[in-house]
Amino acid sequence: SRVWCRVEVLARCCSRGLNQVYIISESGLVNATPEWAANTIKVFDGNMTCCRTGHVGGTVPCDRTTLIMPLLGLYYEGIASTIASAGLQFFRENILTQKEAVFPQTFEYSVGTEGKTETKELFGDLIARIDLFVQKPGRGLAPASVEPLKI
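Model, not experiment: these values are computed from the prediction.

**Some remarks on the pairing of strand S2 (residues 28-31)**
Then comes step 1: Relative to S2, strand S1 (residues 22-25) runs antiparallel, the two sharing four bridges. Its bridge partner being in S2, Ser 25 is matched across the sheet by Gly 28.
Then comes step 2: From the end of S1 to the start of S2, which pair antiparallel, there are two residues.

**Looking at the confidence of the model for the protein chain**
Then comes step 1: For the protein chain, mean pLDDT is 88; residues scoring 70 or higher make up 91% of the total.
Then comes step 2: Confidence drops under a pLDDT of 50 for residues 142-149, and excluding neighbours within four residues, the segment shows ten contacts in the predicted structure.

**Digging into the packing of aromatic side chains**
Then comes step 1: Tallied over the full model, the rule gives five aromatic pairs.
Then comes step 2: Between Phe 44 and Phe 123, the aromatic rings sit 5.8 Å apart at their centres with planes inclined by 70°, giving edge-to-face as the arrangement. Linking Phe 44 in the loop between helix H2 (34-40) and helix H3 (49-52) with Phe 123 in the loop between strand S4 (117-121) and helix H8 (126-134), this pair joins segments that are 79 residues apart in sequence.
Then comes step 3: Ring centres of Tyr 76 and Phe 133 lie 6.2 Å apart, and the angle between their planes is 45°; this geometry places the pair in the tilted category. With Tyr 76 in helix H5 (residues 68-80) and Phe 133 in helix H8, this residue pair connects regions lying 57 residues apart in the sequence.

**A closer look at the environment of Trp 4**
Then comes step 1: Its place among the elements puts Trp 4 in helix H1 (residues 3-16).
Then comes step 2: On the basis of relative accessible area, Trp 4 is assigned to the partly exposed category, the value being 36%.
Then comes step 3: Measuring from C-alpha to C-alpha, the distance between Trp 4 and Thr 53 comes to 17 Å, with 49 residues separating the pair along the chain.
Then comes step 4: Among all residues touching Trp 4, those that are not within four sequence positions of it are Met 48, Asp 63, Thr 66 and Leu 67.

**Here we look at the pattern of salt bridges**
A side chain of one charge can pair with a side chain of the opposite charge if their charged atoms are brought near each other.
Then comes step 1: According to the stated counting rule, one finds two salt bridges in the structure shown.
Then comes step 2: Across the salt bridge formed by Asp 131 and Lys 99, the nearest N and O atoms sit 2.7 Å from each other. Note that Asp 131 is positioned in helix H8 and Lys 99 in helix H7 (residues 99-102), a separation of 32 residues in sequence.
Then comes step 3: Between Asp 125 and Arg 129 there is a salt bridge, with its nearest N and O atoms 3.1 Å apart.
Then comes step 4: Relative accessible area serves as the criterion here: at 41%, Asp 125 is assigned to the partly exposed category.
Then comes step 5: A relative accessible area of 27% places Arg 129 in the partly exposed class.

What counts and how
Residues numbered from 1 in each chain as written. Predicted model: local features only at pLDDT ≥ 70, side-chain atom pairs only at ≥ 80, totals over all residues. Heavy atoms only, no water. Pairing = 2+ DSSP bridges. Helix = DSSP H or I, 4+ residues; strand = E, 2+ residues; numbered from the N terminus. pLDDT = per-residue confidence, 0-100. Contact = heavy atoms within 4.5 Å. Phe/Tyr/Trp six-rings, centres within 6.5 Å; stacked < 30°, edge-to-face > 60°. Buried < 20%, exposed > 50% of the residue type's maximum accessible area, 1.4 Å probe, protein only. Salt bridge = Lys/Arg side-chain N within 4 Å of Asp/Glu carboxyl O.

Structure (structure tokens):
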């Protein structure tokens, strides 16, 4: 249930699908199920040490923010891809159907260990911006009537 393990699962599944993904059970190694993967790819539902320790009393950034750029890259690769693969099928069936859960706009930042939190931006509107960019006229992925995002 650790965030870093979930990121590895997400990257692997978006690359090659669920083929040869195994989990340990009481009976040994078993094939990962689509249900297991759909839950596990919700990266930010996992645990992080920095959050558990309260970010040194709220004085240091959360490690969640270090995942924004790599996960945006992963999302872009999936949304812009036109090459059929097990990874792209996994992306379309799992990531696109639960974008808000996989790429949350905000998160609760732990301040100290007493349970106090602050809501902070994580992905904000970046996923929506990527969607608009991919649909931009001239990219060949959407009709020309879609307006490009102005930054």
